[in-house]
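Letter by letter, the chains look like this.
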Amino acid sequence: MRWCSKLLIGILVVIFAVSATCVEVVKVAHYWPSGGFGKVAMDRLIAAFEKKYPNIRVIEVTVEHEAYKTKIKSLITTKQTPDLFSYWAGARTQFLVDAGTLYPVDGLWMRESLDKVFPKSIIDAAVVYSGHHYMVPLGLHMVGFIYNKKVFEKYGLKEPKTWKEFLEVCEILKSNGVYPLVTGAKFRWPLQFFFDYLILRTAGPEFREALQAGKASYTDPRVVHAMELWKELLDKGYFMPGFSAWDWDEALRYLVNGQAAMYLMGDWAISTLKQDLKAVPGVDYDWFEFPAINPYVPKTMLGPIDGFIISAKAPNKKAAEKLFTFMASAEGQSIFNKYKGSNPCNIYAEVERDVVQQEEFEALQNAASFHFNYDLSTPPPVADVGLDSFVEFMHNPDNYMQILERLQKRAQELFKSGK
Amino acid sequence: MCVSKKTIFLFLITPLAVYIFFVISPLIMTFMYSFTDWDGVSTQFSFIGIRNFIELFKNSFFWNALSNNIKWLVMMITIPNLLGLFLASILNENVRGGLIFKVIFYLPTVLSYIVTGLLWSWVFEPNIGALNLFLRSVGLRKMVHAWLAEPSTVLFAIAVAAAWRQTGFSMVLYLAGLKGIPEEIVESARIDGAKGLTLFWKIIFPLLKSSTIVVITFSMIDSFTVFDIIFSMTQGGPYRCSEVLAVYLYKEAFWNYNAGYSCAVAVILFTIVLIITTVYMKFSLKGEET
């Protein structure tokens, strides 16, 4: 029987070796760690992909959101680079393109006719950099005011459509002992939404684009006017104090418990609201878009697009391209966005939306255009100074002119040095 | 048994190789990159001479970070070391339950600075943090602050958290120092009429010079290289009010794609620490020799 055992072992070894060589491995990195809707969405997406391609195994690498911003930039320059990784469309991806760390997918884009499934505006904004295709836009998020519906109902308030109505709502809330506004600015970035929308609603998207490209000044009267509107909110005490002590999701608890009423934040907050804070959409919270200020300026929508890109040093580009294509497909986008709660970019993808998400989607469809928020559409070193300036302004609103002058001076230096 | 120099060298090869690979070579590479415009990601970069250093000395953010380091140095040399000395003096006497107290005061030292930072972030939370809840409950509402959110309190608040962790370490060093003081000297001083504070400052404290040198040297080096507790609590905010050089260079390297400039900051930081500790050690050890 000895030779039978040896033969059996030999056959098993051969089978194992052959099957091992037939299984391809693709490594994907993203910033949705365990416990959140993003991780569930990725798990479902990957499961569907592996079912379609049983010879490809996907290994997930997850890093916490803030740590991911720094870790991924080091990782993609090494041999340990993931094949595909999530990233933010806009200036940050442009930077990686300029550094030569990304793999262009022009050939794949043409082969799969992806121009037919994504809106041109999204392709231009999120996919194409320096004339080449790089990113598959997976989910689109929108920034607006998430508000405590019960507080609004208690004081008979309606969603404000104009700036005048917004200030009236704030005043009523304040007079009843509720902070009209809360934000969690420990890591600075939530404050950019105020700056962004105030500029978009008063000066318009073309001026904002020029400002972020260094072709307009931070001391321009249009920027000063936007800051004065923001200052008015601070002077009247509408912001809940302590905002620099909380991360963006920590501040949500004050919205839900009714100490504050409105929070200018992206719809990724829905995951925390539903899962961690057990808030019910349409009952505990609702949403309205940033009110109009100048009636002649078209209403635009602001937010990030989450996408995936292939590393230039990806060990398995072939498998990475297959996963990229699946992520671009209606099936992949439907699965991902169903669980993530964001909006698919593929026009044929379908997702179920709750009552709040449906409102957001309708606002997006009616928006004149969609724009990336400040730190994703401004060169990163300038955005860094800008974000610090917004925090300083929140603490010292009377110094807004000096802050803008300093910001302009530093931005000019950085643009001049090519950074 | 005589050990040959060859044997000694053979045993030292491995730790030396590790030290050269992990400490010396990154030091040399940092120095080299400080003269380039490397963004930290690209494979291409150019030699730009001392431009990074010129930019650094003209940059107000650098001076802001350096001044925060100096404030941090003053706080961390005084708060944990004075507290450590005080606790060591009390616990050196045969206090009932002294061993338990020593363990309790030393325990925070085993926590990492990141864990300490996260823990104290909750203590300082403006609405439901333990500190503000306590102040409100005892009628000290006027002292309630958003400790980590206000420019006037942030650095001090972080220093309190760091001192909470560090005091046990100073206490242990001073305890060791106190145990090393010959009893006869203290007894003679008592017989001569010295007591209380006079005994401590005129007799005991001068004999703790070695412990004090160690404690202050550690504090100085730690103060200039502090990063994790500040980054975990505030990331240097609000608007750079708690930003120190290590946090500043981290942001320049990993947020602003400015690795060459960040290396220049690291070189300056290294030079500052080297000068200060060399001068201090020379001054202190000279005193010891005489």
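Residues numbered from 1 in each chain as written. Chains lettered and ligands numbered in written order. Predicted model: local features only at pLDDT ≥ 70, side-chain atom pairs only at ≥ 80, totals over all residues.

Digging into the overall build of chain B
Basically, it comes down to this: Numbering goes from the N terminus for both helices and strands, where a helix is a DSSP run of H or I of at least four residues and a strand is a run of E of at least two. Residues are called buried when their C-beta atom has 20 or more other C-beta atoms within 10 Å, exposed when it has 12 or fewer, and partly exposed otherwise; all C-beta atoms are positioned from the backbone. It is the C-beta atoms, placed from the backbone, that decide contacts: two residues are in contact if theirs lie within 7 Å.
Check the secondary structure of chain B and you find 13 helices and zero strands. Along chain B, from the amino end to the carboxyl end, the secondary structure elements read α-α-α-α-α-α-α-α-α-α-α-α-α. Seen along its three principal axes, the alpha-carbon backbone of chain B occupies a region of about 75 × 70 × 30 Å. Looking at chain B residue by residue over its 290 residues, the buried ones come to 34%. Considering only contacts in chain B between residues 6 or more positions apart, those separated by 24 or more positions represent 70%.

With respect to unusual backbone geometry
Residue and element names in this part refer to chain B. For the bond running from Gly237 to Pro238, omega is -5 degrees, close enough to zero to count as cis. Of note, Pro238 is situated in the loop between α11 (228–233) and α12 (245–254). The backbone of Gln235 sits at a positive phi, close to 55 degrees, despite the residue not being glycine. Its place among the elements puts Gln235 in the loop between α11 and α12. The backbone of Tyr239 sits at a positive phi, close to 35 degrees, despite the residue not being glycine. For Tyr239, a count of 22 C-beta atoms within 10 Å translates into the label buried.

Observations regarding helix α9 (residues 196–207) of chain B
Our working rule: By this rule the span expected of a helix is its residue count minus one, scaled by 1.5 Å.
The end-to-end C-alpha separation of α9 of chain B is 16 Å, in line with the 16 Å expected for twelve residues at 1.5 Å each. For α9 of chain B, a buried count of zero out of twelve residues is recorded, marking the element as mostly open to its surroundings.

Digging into the domain arrangement of chain A
Residues and elements named next belong to chain A. Test applied: As annotated, the domain borders come from an automatic or database domain assignment. Each residue gets one label: Ala, Val, Leu, Ile, Met, Phe, Trp, Tyr, Cys and Pro are nonpolar, Asp, Glu, Lys and Arg are charged, and the others, such as Gly, are polar.
Looking at chain A, the domain boundaries give domain 1 (2–141 + 304–347) and domain 2 (143–302 + 369–416). For domain 1 versus domain 2, the separation of C-alpha centres amounts to 33 Å. Each partner contributes to the interface: domain 1 provides 15 residues, whereas domain 2 provides 16 residues. When residues of the side of domain 1 that touches domain 2 are traced back to their parent elements, those giving at least two are α4 (91–98) and α6 (120–127). A total of three residues in the side of domain 1 that touches domain 2 trace back to one element, the largest contributor, which is α4. Across the side of domain 1 that touches domain 2, the residue classes tally to seven nonpolar, six polar and two charged.

Details of the sheet that holds strand β12 (residues 305–310) of chain A
All names here are of chain A. Selection rule: One requirement defines pairing of two strands: DSSP has to find at least two bridges between them. Here an axis means a line fitted to C-alpha atoms, over the contact stretch when the element is a helix, while the angle between two N-to-C directions is reported on a 0 to 180 degree scale.
If you walk across this open sheet you meet the six strands as β2-β1-β3-β12-β6-β13, and the pairing is mixed. In this open sheet, the two strands that pair with only one neighbour each are β2 (56–62) and β13 (343–344). Of the strand pairs in this sheet, strand β3 (residues 84–88) and β12 are connected by five bridges, and their pairing is antiparallel. Following the sheet pairing, Tyr87 is matched in β12 by Gly307. In the packing of α4 onto the sheet, contacts are made with β3, β6 (135–140) and β12, and the angle to β3 comes to roughly 130 degrees.

Section: the confidence of the model for chain B
Close inspection of predicted coordinates is inappropriate for parts of the model with low pLDDT. We apply this condition: pLDDT is a residue-level measure of predictor confidence that goes from 0 to 100.
In this model, chain B carries an average pLDDT of 90, and 98% of its residues clear a pLDDT of 70 or more. Under the prediction, the complex receives an ipTM of 0.78, its pTM being 0.84.

Quick notes on the sheet that holds strand β10 (residues 285–288) of chain A
Residues and elements named next belong to chain A. Strand order across the open sheet formed by four strands is β8-β9-β7-β10, with mixed pairing between neighbours. Because the sheet does not close on itself, it has two edges, and the strands there are β8 (179–181) and β10. Neighbour-to-neighbour, the strand axes of this sheet turn through a mean angle of 25 degrees, independent of strand direction. Two strands pair when backbone bridges link them, and β8 and strand β9 (residues 260–266) are joined in this way by two bridges, in the parallel orientation. Considered in β9, the bridge of Tyr179 is made with Ala260. Against the sheet, helix α16 (residues 355–366) makes contact with β7 (143–148) and β10, and its axis sits at roughly 5 degrees relative to β10, the strand it touches most.

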